[in-house]
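# Per-entry structural report
The residues making up each chain are set out below.
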Amino acid sequence: MYNVTEKVIEFGDGRRVTIETGKLAKQADGAVVVKQGNTMLLATVVAAKEAKEDCDFMPLQVEYKEKFAANGRFPGGFMKREGKASDYEILVARLIDRALRPLFPADFHADVFVTVNLISADPDIMPDALAGLAASAALAVSDIPFGGPISEVRVARVKGEWVVNPTFSQLPDADLDIMVGATYDNILMVEGEMKEVSEEEMLKAIQVAHAEIKKHCQVQMELSRELGKDVKRTYCHETNDEALREKVIAETYDKVYEVARSMSSKHERSDKFDAIEEEFMAQFTEEELVEKKPLIKRYFHDNVLKKAMRRMILDEGIRLDGRKTTEIRPIWCEVGYLPAAHGSAIFTRGETQSLTTVTLGTKMDEKMIDEVLMQGSEQFVLHYNFPPFSTGEARPARGVSRREIGHGNLAFRALKPMVPLGEDNPYAVRVVSDILESNGSSSMATVCAGTLALMDAGVKLKKPVSGIAMGLISDTETGKYAILSDILGDEDHLGDMDFKVAGTKDGITATQMDIKVDGLSYEVLAKALEQARVGRMHILGKILETISEPRAEYKPHVPRVEKITIPSEFIGAVIGPGGKVIQEMQKETGTTITITETDGKGIVDIFGVNKESIEAALARIKTIVAIPEVGEIYKGKVKSIMPFGAFVEIMPGKDGLLHISEIDHRRFETMEETGLKEGDTIEVKLLDLDPKNGKLKLSRKALIPRPGKQEKAGK
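Quick summary incoming for the structure in this document.

Definitions and cut-offs
Residues numbered from 1 in each chain as written. Predicted model: local features only at pLDDT ≥ 70, side-chain atom pairs only at ≥ 80, totals over all residues. Heavy atoms only, no water. Helix = DSSP H or I, 4+ residues; strand = E, 2+ residues; numbered from the N terminus. Rg over C-alpha atoms; globule rule 2.2 N^0.38 Å. Buried < 20%, exposed > 50% of the residue type's maximum accessible area, 1.4 Å probe, protein only. Contact = heavy atoms within 4.5 Å. Areas by Shrake-Rupley, 256 points an atom, 1.4 Å probe, with all protein chains shown as cover. Lys, Arg positive; Asp, Glu negative; His and termini not counted. Charge placed at Lys NZ, Arg CZ, Asp CG, Glu CD. Phe/Tyr/Trp six-rings, centres within 6.5 Å; stacked < 30°, edge-to-face > 60°. Lys NZ or Arg CZ within 6 Å of the ring centre and 35° of its normal. Pairing = 2+ DSSP bridges. Axes fitted to C-alpha atoms, helices over the stretch in contact; angles between N-to-C directions. Polar contact = N/O pair within 3.5 Å; in protein donor to acceptor, adjacent residues only side chain to side chain. Expected span 1.5 Å × (residues − 1).

### A short note on the overall build of the chain
- Within the chain, the regular secondary structure consists of 14 helices and 29 strands.
- Taken over C-alpha atoms, the radius of gyration comes to 34 Å for the chain, far larger than the 27 Å a tight globule of 715 residues would show.
- For the C-alpha atoms alone, the extent of the chain along its principal axes is close to 130 × 65 × 50 Å.
- When the 715 residues of the chain are sorted by exposure, 52% land in the buried category.
- Partitioning the contacts of the chain with sequence separation of at least 6, the portion at a separation of at least 24 is 69%.
- Here the chain has roughly 33,700 Å² of accessible surface; of this, 51% comes from carbon and sulfur atoms.
- Here the chain holds 95 positive side-chain charges and 113 negative ones, and the gap between their average locations is 6 Å.

Next up, the structure:
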């Protein structure tokens, strides 16, 4: 038996979201089912009873999984079962993780596993907008210490109206689409894409989201109180030595501050900090360090490094590399660096560098999408690689990380609105950013390098895009704060905000924000957005100094493409039975041919390495789709002999009947008397075309003068 507790969240337009607990997964520390329409998410959370050994961070793992059965579908692939997480599932899991992680106590180090499964799906309801709410509700009904609750909602502006958690069918009409995560009091996370909206419009969207999130948090707090889960688990995961803390600060702070002000490079600065730490630990014996070393490292990081960097910025206005708060690091760019690539660029800003390539392909190169609720193809893709050597780390690279998927998705969303697609661009487009150096905002370097490489490839970008990462250092006691443009890696790690903004000269196309401090006001956010706009314009100027517009022509080694439109009824004739005709055509002409049907028309794309091959394929296709005209004379090939006549192919795929009576003015009793055989080439005239069934009536006799007339003409 079970006792179910249920809470309801009412949307203003009549929609309802229910949170149910006590029925499923009761052995988890917390489990809820969140339901809207036919969409149901099962969220569970389990925490280890003891702290993870030798751990000084929050060991949180978030998984989001969509079950194909939820939408009545079989998974693809040979095994026909769900496998590793897709990019989409990883992106949703990251959205949940980024909102939850900052709210666990800093000294809580037990393994925590949050799992959200889509177990039933409504084809028009977007489940990712409910996943953060489900994860938080599972924590709310557990005794795991957590500083929430939180919720996440999607806000879109559809035809000028704000819509919270829009449907799949509404989203194509939106010019702004963002996900916002927040507690009742504070914004935690923002991520989304826009069609060149202003900073003010984006702030309004965040405010709309937060107003809805407050309702979700209130319901979760009520649920937690009803179940007696507002009293959380007690734990002791950290021991402290106040005397040692004071000693670390007293003996290292001034030295660290001096190094911080020295404007050293990233690695020089890191080596000097390590030397100060090692010098301090040298005063202890090996036996003493067994217990003290973890504490020393924590105090050195939290109470010395972090404090020194923050005080230097707030008190003196000095950053680690000596820049002003609004200053952008030196930038240099180059295009066409890789001669064999279809397009390439290097974008270097300070100690962050991206080498980006563009590859142009056929429709067969498009990315296939086969998710539980989304199927189709993606004409434009962007991949981001972050090898260990980019930060000087000596470790192997093992597959694609979640971070690489997340950063690549942000850059993809920034560039996507400006990349021509569909009828405006016959190519599949792949952008690959390889980060060669990293010290702050490699995702925004990818946006800039992607713009350069696309223009180098000759892709007709609607407008160039640039991106910048903003930071924040604040002091709640004094009220002081500093907004930092183009942050370093250390300023991100030790600061209070990482706010990435990308866009054109006319507006924002993508953003990602993670806030690590309570009580960040909209006034500060507005100032950060304006400072980001000025920084973006500066970076955009550097891009345009390198290449001001897309190249007029594609490079010589880029495959050429010719696009034609044919009536849909001829698609089968061009493809042929089992693909025979199109395969032979591609083999003989050395081209790649793709056909898609849209709006009752066939769109044919012919890709070839040279003009001659494309023209040869084009001529073949035009012949196939040509409509025979009554009265015209054709040179045809005898395809088959029947007792009553011969079938003659006058165009590829178009056979007509040459009846035995139409072969000559003489009367033939059998086809053997005519002398025709398969493979013969003869001239025939099209006498008639049946519009109902397309049958062709041919005549050879009509081209031969009558014997009597010939004799008369001779006399």
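### A look at the packing of aromatic side chains
- In the structure shown here, the tally under the stated rule is 9 aromatic pairs.
- With centroids separated by 5.0 Å and ring planes inclined at 80°, the aromatic side chains of F108 and Y235 adopt a geometry described as edge-to-face. Taken together, the positions of F108 in the loop between α1 (87-100) and β6 (110-120) and Y235 in the loop between α3 (199-226) and α4 (242-260) put the pair 127 residues apart, joining distant regions of the chain.
- Accessibility expressed as a relative area gives 1% for F108, which makes it buried.
- Classification of Y235 by relative accessible area gives partly exposed; the value is 28%.
- Both rings, one in Y384 and one in F386, keep their centres 6.3 Å apart while their planes meet at 15°; by these two values the pair is stacked. The same class applies to Y384 as to F386, namely buried.
- Put simply, the rings of Y427, Y554 and F607 pair up and form one aromatic cluster.
- Between K307 and the ring centre of Y253, over which it is positioned, the NZ or CZ distance is 5.7 Å.

### Looking at the sheet that holds strand β13 (residues 352-361)
- Here 5 strands make up an open sheet; going across it, the order is β11-β12-β13-β17-β16 and the pairing mixed. The open sheet is flanked by β11 (331-335) and β16 (380-385), the only strands paired with a single partner. Strand-to-strand twist in this sheet, taken as the mean axis angle between neighbours without regard to direction, amounts to 15°.
- In this structure, β13 lies alongside strand β17 (residues 428-437), joined through 9 bridges in antiparallel fashion. Pairing of V358 across the sheet is with V431, part of β17.
- Against the sheet, helix α10 (residues 522-546) touches β11 and β12 (343-349), its axis set at about 35° to β11.

### Comments concerning the side chain of D177
- Within the element layout of this structure, D177 appears in strand β9 (residues 174-182).
- Here R154 takes part through its side chain, which lies 2.8 Å from a polar atom of the side chain of D177.
- With residues near it in sequence (within four places) discarded, D177 still touches R154, V155, A156, L171, E191, G192, E193 and R413.

### Section: helix α7 (residues 402-415)
- Taking 1.5 Å of rise per residue, 14 residues should cover 20 Å, and α7 covers 20 Å from first to last C-alpha, within 8% of that figure.
- With 12 of 14 residues buried, α7 is to be regarded as a mostly interior element.
- Buried within α7 we find E404, I405, G406, H407, G408, N409, L410, A411, F412, R413, A414 and L415.

### Considering the pairing of β9
- The element β9 is extensively covered by neighbouring structure, given that 8 of its 9 residues are classed as buried.
- Relative to β9, strand β7 (residues 151-158) is paired through 7 bridges, and the arrangement is antiparallel. Bridge pairing links R154 to M179 in β9.
- Sheet analysis places β9 next to strand β10 (residues 187-197), joined by 7 bridges and oriented antiparallel. When the bridges of β10 are listed, M179 appears paired with E191.

Structural measurements only, silent on function.
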